[in-house]
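Examination of the molecular architecture
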Amino acid sequence: MASVELKQVQKIYPNGFEAVKGIDLEIEDKEFMVLVGPSGCGKTTTLRMIAGLEDVTKGELLINDEVVNEVHPKDRDIAMVFQNYALYPHMNIEKNMSFGLKLQKTPKDEIKQRVDQAAGILGISQLLKNRPRELSGGQRQRVALGRAIVRKPTVFLMDEPLSNLDAKLRVQMRAELIKLHHDLETTFIYVTHDQTEAMTMGTRICVMNEGIIQQVADPRTIYNRPANLFVAGFIGSPPMNFLEGSIEVKGEDVRFSFTHEGQSEKVAISKVFKNNDGREVILGIRPEHVQLVEDGIRSEVVVTELLGSDLNIYFRLQEELLSIKSDAAQPFESGHPIAIQFDPYQMLLFDKTTGERLRDERD
């Protein structure tokens, strides 16, 4: 059992800065929870409070249903993996991995068995006699993970552990961490600013901004049913396209109306919004749900990005740079005229004032 719960947890520093603003979060046993958000959103501070490296100013922090606000970090049965690996340079890998167990006066035979087992899981058995300086970044990160694994904690805390690795190695390590979570069957809490890591690794994602939780849900829900404009714009690459306009209702005909290059454009939307005539909203649509057509809303290509078999096409509407995910086989140059339409089943509407998504028939 390794559940973690935050109840109205706040972190206020002595200078008055409120880094975390009374958040509530329940992390279930054996879950892979990812805290994601821009720099300064409070995700690392939240992780450090769970670890006991930062004091909780207000609220309650529970591990396995026990309040641990005043419990020392070493007594919380957690292990933390840092961004910079934090390995002892004068020790070989075996001693780095076993150091914490020796401090706990674990028997030598058990230490060797745990280190060998962790090294085998991570594929670093042949490196146990090496020093950290003799290892690559990916190997050092495995050692840092191994040092955490040997302790057999109830909760693993990870603070952007892959950010120092190159792109190819990050992809490989993501897959290894997912497998590690599956094999160890314990609770992972993982902090990142990288939405790809969040979407591919988390069983659930907690999106944060300015010390506030914006949405907690599984990756598919976060992507397809974002709670508000911030989540919709933060998750997705290229990001979601947004257009300002209003809802226009004439009988059973419900449309999103907006202005482009001095012309009024109207897009049919769900009849569920028929009681919102005149409401100012923002339409959101993912790049993969924008379609190139013969006759539609007119624009022209600003620039393209070739990504192997895919092509990102950027164009302007309402002076905003929007994008389409298209087939790379289609040759487009800057200035090329295009006509687009939106998939009517994939459009989202957000209240212009609050930023909250309007519920539709899919909710």
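Quick caveat: nothing in here was measured; it's all calculated off a predicted structure.

Okay, the overall build of the protein next. Within the protein, the regular secondary structure consists of eight helices and 19 strands. Projected onto the principal axes, the alpha-carbon positions of the protein cover approximately 80 × 45 × 35 Å. The 363 residues of the protein split such that 48% are buried. Looking at the protein alone, contacts between residues at least 24 apart form 65% of all its contacts between residues at least 6 apart. Accessible surface, the protein: about 18000 Å² in total, of which carbon and sulfur atoms supply 47%.

So, about the pairing of strand β13 (residues 263–268). Alignment of strand β12 (residues 253–260) against β13, held across six bridges, turns out to be antiparallel. Bridge pairing in β13 links Phe 256 to Val 267. Hairpin connection, β12 to β13: the antiparallel pair is bridged by two residues, and Glu 261 has positive phi, about 55 degrees.

In this section: the pattern of salt bridges. Under the defined criterion, the tally for this structure stands at 19 salt bridges. In this structure, Lys 179 and Asp 183 form a salt bridge, with 2.7 Å as the shortest nitrogen-oxygen distance. Of this pair, Lys 179 and Asp 183 both sit in helix α5 (residues 167–184), four residues apart, which is roughly one turn of the helix. A salt bridge links Asp 295 to Arg 298; the shortest N-O distance between them is 3.6 Å. On the accessibility criterion, Asp 295 (64% relative accessible area) is exposed. Connected via shared salt-bridge partners are Arg 225, Arg 357, Asp 360, Arg 362 and Asp 363.

Bringing helix α2 (residues 93–103) into the picture now. Inspection of α2 places Ile 93, Asn 96, Met 97, Ser 98 and Leu 101 among the buried residues, and these make up the whole buried set. Buried residues along α2 sit in contact with α3 (108–122) and α4 (137–149). Where α2 starts, the residue carrying a side-chain oxygen 3.2 Å from the main-chain nitrogen of Glu 94 turns out to be Asn 92. Backbone geometry just after α2 places Lys 105 at a positive phi near 60 degrees.

A word on the environment of Ser 39. Within the fold, Ser 39 resides in the loop between β3 (32–36) and α1 (43–51). Separated by 169 residues in sequence, Ser 39 and Met 208 place their C-alpha atoms 10.0 Å apart.

The next point concerns the packing of aromatic side chains. How two aromatic rings sit relative to each other is given by the distance of their centres and the angle of their planes. Within the structure shown, the criterion is met by seven aromatic pairs. Put simply, the rings of Phe 32, Phe 156, Phe 188 and Tyr 190 pair up and form one aromatic cluster. When the ring centre of Tyr 13 is taken as reference, the NZ or CZ atom of Lys 11 above it lies at 5.0 Å. Lying across the ring of Tyr 223, Arg 286 places its NZ or CZ 4.0 Å from the centre.

It is worth spelling out the environment of Arg 316 at this point. You can see Arg 316 is positioned in strand β16 (residues 310–317). Apart from the residues within four sequence positions on either side, Arg 316 is in contact with His 260, Ser 299, Glu 300, Val 302 and Leu 321. At 3.3 Å, the side chain of Arg 316 forms a polar contact with the backbone oxygen of Glu 319.

Residues Ser 237 and Pro 238 are joined by a peptide bond in cis, for which omega reads -5 degrees. As for its position among the elements, Pro 238 is in the loop between α8 (229–234) and β11 (241–250). Phi is positive for Lys 105, close to 60 degrees, though the residue is something other than glycine. As for its position among the elements, Lys 105 is in the loop between α2 and α3.

Further remarks concern a positive patch on the surface. Together, Lys 95, Lys 102, Lys 108, Arg 131 and Arg 133 make up a region of like positive charge exposed at the surface. Tracing the backbone through its elements, the reader meets Arg 133 in the loop between α3 and α4. For Arg 133, a relative accessible area of 61% gives the class exposed.

An order of β13-β12-β11-β14-β19 is seen for the five strands of this open sheet, with the pairing classed as antiparallel. Of all the strands in the sheet, just β13 and β19 (348–351) have a single pairing partner and so form its edges. On average, each strand axis in the sheet is tilted by 40 degrees relative to the strand beside it, whichever way the strands run. As defined by bridge partners, β11 adjoins strand β14 (residues 280–285) across six bridges and the pair is classed as antiparallel. Residue pairing for β14: Ser 246 is matched across the bridge by Glu 280.

What counts, and where the lines are drawn
Residues numbered from 1 in each chain as written. Predicted model: local features only at pLDDT ≥ 70, side-chain atom pairs only at ≥ 80, totals over all residues. Heavy atoms only, no water. Helix = DSSP H or I, 4+ residues; strand = E, 2+ residues; numbered from the N terminus. Buried < 20%, exposed > 50% of the residue type's maximum accessible area, 1.4 Å probe, protein only. Contact = heavy atoms within 4.5 Å. Areas by Shrake-Rupley, 256 points an atom, 1.4 Å probe, with all protein chains shown as cover. Pairing = 2+ DSSP bridges. Salt bridge = Lys/Arg side-chain N within 4 Å of Asp/Glu carboxyl O. Polar contact = N/O pair within 3.5 Å; in protein donor to acceptor, adjacent residues only side chain to side chain. Phe/Tyr/Trp six-rings, centres within 6.5 Å; stacked < 30°, edge-to-face > 60°. Lys NZ or Arg CZ within 6 Å of the ring centre and 35° of its normal. Patch = residues over 30% accessible without salt bridge, like charges linked within 9 Å, V, L, I, M, F, W, Y side chains within 5 Å. Lys, Arg positive; Asp, Glu negative; His and termini not counted. Charge placed at Lys NZ, Arg CZ, Asp CG, Glu CD. Axes fitted to C-alpha atoms, helices over the stretch in contact; angles between N-to-C directions.

That is the geometry; function is a separate question.
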